[in-house]
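# Understanding the architecture of this molecule
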Amino acid sequence: MTRGWTVERLVEGVRKGDRRALARAITLIESSDPSSYELVRDLYPETGSAYAVGVTGPPGVGKSSLISALVRHVRATDTSVGVITVDPSSPFTRGALLGDRIRLADHFLDPEVFIRSMGTRGHLGGLAEATLQAALVLDAAGKELLFLETVGAGQSEVEVISIADTVLLVLMPGSGDSIQALKAGIMEIPDVIAVNKREHPAAKTMVNEVRSILALDTDEGWRPPIVLTEAVTGEGIEELWGGIEEHRRYLEENDLLAERRARNLAGEVFAVASSRAKGHLEQAVADDPELRRLLDEVERRELDPLTAVREILEKVFRITS
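This structure is a prediction, so every number in the text was calculated from the model and none was measured.

### Let's talk about the environment of Ile-312
Mapped onto the elements of the fold, Ile-312 is located in helix α13 (residues 305–317). The exposure class of Ile-312 is buried, given its relative accessible area of 9%. Sequence-distant contacts of Ile-312, that is, excluding residues within four places in its chain, are made with Leu-281, Val-285, Leu-291, Leu-294, Leu-295 and Phe-317.

Here it is as structure tokens:
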């Protein structure tokens, strides 16, 4: 712990919502500093109040601009906000992170809005773990609403978005990536859908396409609203926020919010445990000539993969199967 910060001081600072303490705490989480575990452990009993909205969709559809407009809308009601933007794709250039910060720059001077960009670099336990811990810190700091933004729609994004109470999928008309997102099965994830760039000639066509895909789902229950928006001018933002609030009411009135959060947290525990176990396993194999020999035998087709797995698990984890 550097710069005069102790875990106790950080915990006290986060509880008071001190921006420097928040920034330092999330830096520790990003760098996988051992003291971050103690920090999250001490803050965890005070979490569970913030409502988390996950925002996902293909790159370039206007997610950051949409979040900026939503933040402006909810700040009019004095709701305190935390924003975590996640870029799993750029460990070197961080270009997308800089873009996010520019688009959200309107809110940097607002003391009740805290914005942080995170990349994969340094996340030994996985991006989802780091994002979850950062979200818990903002929750403990008294932020009432959290936005978690991810770039793209791959496995990392799905893991991060699984932390959210409401998932907002942003699409843009005339984009091949948006159609690919529909085909890739990401339509199983969202609770609310925004079709951004509402003035685009193909906007209403895309709404009809999305609606037809949603119609294939015969399950009873929540039907994701589809909202046409224009993030730059703010058109459709009030309606979009209404859709998010409506989904929250649906979860609360049907006793589903606590159930979803319990499922999400259990999933995170297993995801982090799996990530740690995988890292430990890879390191153990790398350090053990006998285990590396098993892999070599599999590559030469002298040993079948399942037998190799059985022997590796038995030696590393004392698991017999």
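### Looking at the pattern of salt bridges
Inspection of every chain in the model, using the stated rule, returns 14 salt bridges. Salt-bridge contacts for Glu-302 lead to Arg-300; the nearest nitrogen and oxygen are separated by 3.0 Å. Through salt bridges that share partners, Asp-288, Glu-290 and Lys-315 make up one connected network.

### Quick notes on the pairing of strand β6 (residues 192–196)
Among the five residues that make up β6, five are buried, leaving the element largely enclosed by the rest of the structure. Going residue by residue along β6, you find Val-192, Ala-194 and Asn-196 tucked away on one face and Ile-193 and Val-195 tucked away on the opposite face as well. Inspection of the sheet shows strand β5 (residues 166–171) paired to β6 by four bridges, in the parallel sense. In the strand pairing of β6, Leu-169 is matched with Ile-193. As judged from the four bridges shared by β6 and strand β7 (residues 226–229), these two strands associate in the parallel manner. Paired with Ala-194 across the two strands is Val-227, which belongs to β7.

### Thoughts on the confidence of the model for the chain
In this model, the chain carries an average pLDDT of 84, and 82% of its residues clear a pLDDT of 70 or more. Long-range and interchain partners of residues 90–99, a stretch whose pLDDT sits below 50, account for eleven contacts in this model, where long-range means more than four residues apart.

### Structural notes on unusual backbone geometry
In this model, Ser-32 sits at a positive phi of 55 degrees, which is unusual for a non-glycine residue. Located in the positive-phi region is Arg-318, a residue other than glycine, with phi close to 60 degrees. Residue placement: Arg-318 occurs in the segment after α13. Here Arg-318 falls in the exposed class, since its relative accessible area comes to 65%.

### Considering the packing of aromatic side chains
Applying the stated criterion across every chain, the model contains one aromatic pair. Considering the side-chain rings of Trp-222 and Tyr-250, the 5.3 Å spacing of their centres and the 40 degrees angle between planes classify their relative orientation as tilted. Taken together, the residues Trp-222 in the loop between α9 (203–214) and β7 and Tyr-250 in helix α10 (residues 237–253) connect sequence positions 28 residues apart. One Lys or Arg, Arg-9, reaches over the ring of Trp-5 and ends 4.6 Å from the middle of that ring.

### Description of the packing of helix α1 (residues 7–15) against helix α3 (residues 35–43)
For the pair α1 and α3, interaxial distance at closest approach is 10 Å and the crossing angle is 45 degrees. Relative to α3, the element α1 is oriented oblique. The two elements α1 and α3 cross, and the hand of that crossing is right-handed. Across the interface between the two elements, Val-7, Glu-8, Leu-10, Val-11, Val-14 and Arg-15 from α1 touch Ser-35, Glu-38, Leu-39, Asp-42 and Leu-43 from α3. Looking at side-chain class alone, the contact of α1 with α3 contains six nonpolar, one polar and four charged residues.

Reading guide: rules and limits
- Residues numbered from 1 in each chain as written.
- Predicted model: local features only at pLDDT ≥ 70, side-chain atom pairs only at ≥ 80, totals over all residues.
- Heavy atoms only, no water.
- Helix = DSSP H or I, 4+ residues; strand = E, 2+ residues; numbered from the N terminus.
- Buried < 20%, exposed > 50% of the residue type's maximum accessible area, 1.4 Å probe, protein only.
- Contact = heavy atoms within 4.5 Å.
- Salt bridge = Lys/Arg side-chain N within 4 Å of Asp/Glu carboxyl O.
- Pairing = 2+ DSSP bridges.
- pLDDT = per-residue confidence, 0-100.
- Phe/Tyr/Trp six-rings, centres within 6.5 Å; stacked < 30°, edge-to-face > 60°.
- Lys NZ or Arg CZ within 6 Å of the ring centre and 35° of its normal.
- Axes fitted to C-alpha atoms, helices over the stretch in contact; angles between N-to-C directions.
- Parallel < 35°, antiparallel > 145°, perpendicular 65-115°, else oblique.
- Left-handed = near helix turned anticlockwise from the far one by under 90°.
- Nonpolar A, V, L, I, M, F, W, Y, C, P; charged D, E, K, R; others polar.

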